[in-house]
Amino acid sequence: MKKTILVTGCSSGIGKCVAYGLRDKGYVVYPTARRADDVQQLIDDGFDAIQLDYADSESVQSAFASLMQKTNNELYAVFHNGAYGQPGAVEDLTRETLEKQFSTNVFGWHQLNNLLLPIMRKQSYGRILINSSVLGIIAFPMRGAYNASKFALEGLFDTLRLELKNTGIFISLIEPGPITSDFRKNAKKAFENNVYTNKAVMEKSAHKNHYQQVLERLNKEGHVDPFTLPPEAVLKRVEHALTSSRPSIRYPVTFPTYFLGFLKRILPHRCLDWVLLKASK
């Protein structure tokens, strides 16, 4: 069984760490990135990298074709990771903004996964790893688009796991929480482009007085959350999901993921709402 794996979203953060870490462990890693210059950097670092933009259906199809050519139509595993966060109050998110979030965070993952599944079914083995989030378990205000995309992934791949019973294909959801990455920097761009500098949105927004605080949080240097861990913490869970004969269905990574998941199971809804509102300030 070849230890070949496709890792998406490898320009920085979790994806980059996982790609390099798995290569050091002996895996044949095919990393992807959306931008051509990031792909070239990966190639310069010795990877057989592929350009992939989850938001572009043709890019997904092209990346799959390139991968199959490189692997002779075989693949042990995929780690779906490339995504971004779209801050903003739910009522200030246009349909177009929400569609963009889902195109990158959900629809592209689904399309690529459906292309890979016939390969894994034919092999009778495979590992599908989904980089979800603590925000796929609980919802924070001002993160509605990202919350919705991660909740969607959790439901979509929980269902797929049931449908793949006894096929030899395992699905694991990685649920990181706060991890050192460029996530906040990329979220700031999305917030400014689609909400904060959008006059049509801001003129009617009931939340515009609060948005300065949102921007200040996104602008903060270093760790906003005291429980932030380096991306190597995610790599550790990914390794277990790839090597275990019985991989876990869910892999919480940071303390907030464990703790908030626990609170969701035991607290009444209104009590949990109070906790989440306090924690999000």
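These numbers were taken from a predicted model, which means no experiment stands behind them.

Colleague: Report on unusual backbone geometry, specifying residues and quantitative values.
Modeller: Leaving glycine out, the prevailing phi sign among residues is negative, and the prevailing peptide bond configuration is trans. With a phi angle near 60°, Asn73 is a residue other than glycine that sits in the positive phi range. On the basis of relative accessibility, which here comes to 45%, the residue Asn73 falls in the partly exposed class. The phi dihedral of Met142 is positive, around 70°, even though this residue is not glycine.

Colleague: I'd like to hear about the state of the cysteines, residue by residue, with values.
Modeller: According to the stated counting rule, one finds zero disulfides in the structure shown. Free of any disulfide, Cys10 has its nearest neighbouring cysteine sulfur in Cys17, separated by 10 Å.

Colleague: So, the packing of aromatic side chains: which residues are in play, and what are the values?
Modeller: The full count for this structure, using the stated rule, is nine aromatic pairs. A ring pair is formed by Phe255 and Phe259, whose centres lie 5.4 Å apart and whose planes are at 10°; its orientation type is stacked. Here Phe259 and Phe255 lie together in helix H10 (residues 255-266), a separation of four residues that amounts to about one turn. Members of the aromatic cluster, joined through ring pairs, are Phe191, Tyr196 and Tyr211. Lying over the aromatic face of Tyr27, Lys3 brings its terminal NZ or CZ to 4.7 Å of the ring centre.

Colleague: Describe the environment of Asp158, with residues and values.
Modeller: When you line up the elements, Asp158 lands in helix H5 (residues 144-163). A C-alpha to C-alpha distance of 12 Å links Asp158 and Leu129, two positions 29 residues apart in sequence. Beyond its immediate sequence surroundings of up to four residues, Asp158 is in contact with Leu173 and Arg250. A polar atom in the side chain of Asp158 sits 2.7 Å from the side chain of Arg250.

Colleague: Let's hear about H5: which residues, and what values?
Modeller: For H5, with 20 residues, the first-to-last C-alpha span of 29 Å sits near the 28 Å given by 1.5 Å per residue. Here the buried face of H5 lies against helix H4 (95-123), strand S5 (126-131), strand S6 (169-175), helix H6 (183-196) and strand S7 (250-252).

Colleague: Which residues make up the pairing of strand S1 (residues 4-7), and what values do they have?
Modeller: Taking every second residue as pointing to the same face, both faces of S1 are buried, with Thr4 and Leu6 on one and Ile5 and Val7 on the other. Here four bridges tie S1 to strand S2 (residues 28-33), and the two strands are oriented parallel to one another. Each residue of the ladder has a partner; that of Leu6, found in S2, is Tyr30. Crossover connection from S1 via helix H1 (residues 13-24) to parallel S2: handedness right-handed. Bridging between S1 and strand S4 (residues 77-80) involves three bridges; their strand directions are parallel. Bridged to Leu6 within S4 is Val78.

Colleague: Describe the nonpolar core, naming the residues involved and giving the relevant values.
Modeller: Soluble globular proteins tend to pack their nonpolar side chains together in the buried interior. One finds Leu6, Leu67, Leu112, Leu116 and Ile128 to be the most contacted residues of the largest nonpolar core, which totals 30 residues. By residue number, the principal contributor to this core is H4, which donates nine residues. By size, the runner-up hydrophobic cluster in this structure holds 29 residues, among which are Val18, Tyr27, Leu42 and Ala241.

Colleague: Provide a residue-level description of helix H3 (residues 57-71), including the pertinent values.
Modeller: Between its first and last C-alpha, H3 extends 21 Å over 15 residues, near the 21 Å set by a 1.5 Å rise per residue. Among the residues making up H3, those that are buried are Ser59, Val60, Ala63, Phe64, Leu67, Met68 and Thr71. Across the axial projection of H3, the buried residues extend over an arc of 170°, all falling on one side. Away from the buried face of H3 by more than 90 degrees, exposed residues Glu58 and Gln69 are located. Residues of H3 that are buried sit in contact with S1, S2, strand S3 (50-51) and H4. If you check the start of H3, you find a side-chain oxygen 3.0 Å away from the backbone N of Glu58, and it comes from Asp56. Once H3 finishes, Asn72 follows within two positions and takes phi at roughly 60°, a positive value.

Reading the values: rules and limits
- Residues numbered from 1 in each chain as written.
- Predicted model: local features only at pLDDT ≥ 70, side-chain atom pairs only at ≥ 80, totals over all residues.
- Heavy atoms only, no water.
- Buried < 20%, exposed > 50% of the residue type's maximum accessible area, 1.4 Å probe, protein only.
- Disulfide = S-S within 2.5 Å.
- Phe/Tyr/Trp six-rings, centres within 6.5 Å; stacked < 30°, edge-to-face > 60°.
- Helix = DSSP H or I, 4+ residues; strand = E, 2+ residues; numbered from the N terminus.
- Lys NZ or Arg CZ within 6 Å of the ring centre and 35° of its normal.
- Contact = heavy atoms within 4.5 Å.
- Polar contact = N/O pair within 3.5 Å; in protein donor to acceptor, adjacent residues only side chain to side chain.
- Expected span 1.5 Å × (residues − 1).
- Pairing = 2+ DSSP bridges.
- Right-handed = clockwise from strand over helix to strand, strands pointing away.
- Core = buried A, V, L, I, M, F, W, Y, C linked by side-chain atoms within 4.5 Å.
- Arc of directions from axis to C-beta.

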